[in-house]
Amino acid sequence: MDATREHEGCGARLRGIAMAIDSFVWFGLLFVGVYVVAALTGQLEVANGSVDASLQGAPGLAAVGVWLALGIAYHALFEWRTGRTVGKALVRIRVVSEDGTTPSIGASLARNVLRLVDWLPVFYVVGLATMALSTNSRRLGDRLAGTTVVRT
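Just so it is clear, the structure is predicted and the values come from calculations on it, not from any experiment.

## What to know about the confidence of the model for the chain
The pLDDT averaged across the chain works out to 92; a share of 95% of its residues lies at or above 70. By mean pLDDT, the top-scoring element of the chain is helix 4 (residues 86-90) (98), and the lowest-scoring one is helix 1 (residues 3-6) (49).

Dropping the structure here:
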């Protein structure tokens, strides 16, 4: 069964809106990454009811790594379990495998690791270009994972 025959395909506009919504989750995950690394390295300062973390060098790089891992995990786990992130659910789209089923954890992880390449050089240029060159608006991660995004 071909997922695009059963469901209406989804283009860049709805996917962009979903990603904008999910960016709020990513922003929250940035704070988690920074504060976890700051706490582990002893660079978390709590004074007068406020919390501050000023990371530089290796701890700052570690915080970025934790943030990216959390962001990829957020997308991969939600898409594996439900086919949707919060943003996708709100705009009524979902990720499906080529056979129309919810993607496997491996496929979901692959498509979301490639999200980092799709973002290059800035603002999803690679992702938008690969979607424009695809008949089903599939970005590079979708092509590798055998997935597509459809309206529900």
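## Notes on helix 3 (residues 57-82)
The end-to-end C-alpha separation of helix 3 is 38 Å, in line with the 38 Å expected for 26 residues at 1.5 Å each. Regarding helix 3, the residues found buried are Pro59, Gly60, Ala63, Gly71, Ile72, Tyr74, His75, Ala76 and Glu79. Against the buried residues of helix 3 lie helix 2 (12-41), helix 4, strand 3 (93-97), helix 5 (105-113) and helix 6 (115-118). Downstream of helix 3 by a residue or two, Gly83 has a phi angle that is positive, lying close to 80°.

## Considering the packing of aromatic side chains
In this description, a pair of aromatic rings is defined by centroid distance and the angle of the planes. In total, this model carries five aromatic pairs according to the counting rule given. Plain terms: the ring middles of Phe27 and Phe31 are 5.1 Å apart, the flat faces sit at 85° to each other, and that makes the pair edge-to-face. On the criterion of helical spacing, the pair formed by Phe27 and Phe31 is a turn pair, its members being four residues apart in helix 2. Looking at Phe31, the relative accessible area reads 39%, which means it is partly exposed. When the ring of Tyr74 is compared with that of Phe78, the centres are 5.1 Å apart and the planes differ by 55°; the resulting orientation is tilted.

Reading guide: rules and limits
Residues numbered from 1 in each chain as written. Predicted model: local features only at pLDDT ≥ 70, side-chain atom pairs only at ≥ 80, totals over all residues. Heavy atoms only, no water. pLDDT = per-residue confidence, 0-100. Helix = DSSP H or I, 4+ residues; strand = E, 2+ residues; numbered from the N terminus. Expected span 1.5 Å × (residues − 1). Buried < 20%, exposed > 50% of the residue type's maximum accessible area, 1.4 Å probe, protein only. Contact = heavy atoms within 4.5 Å. Phe/Tyr/Trp six-rings, centres within 6.5 Å; stacked < 30°, edge-to-face > 60°.

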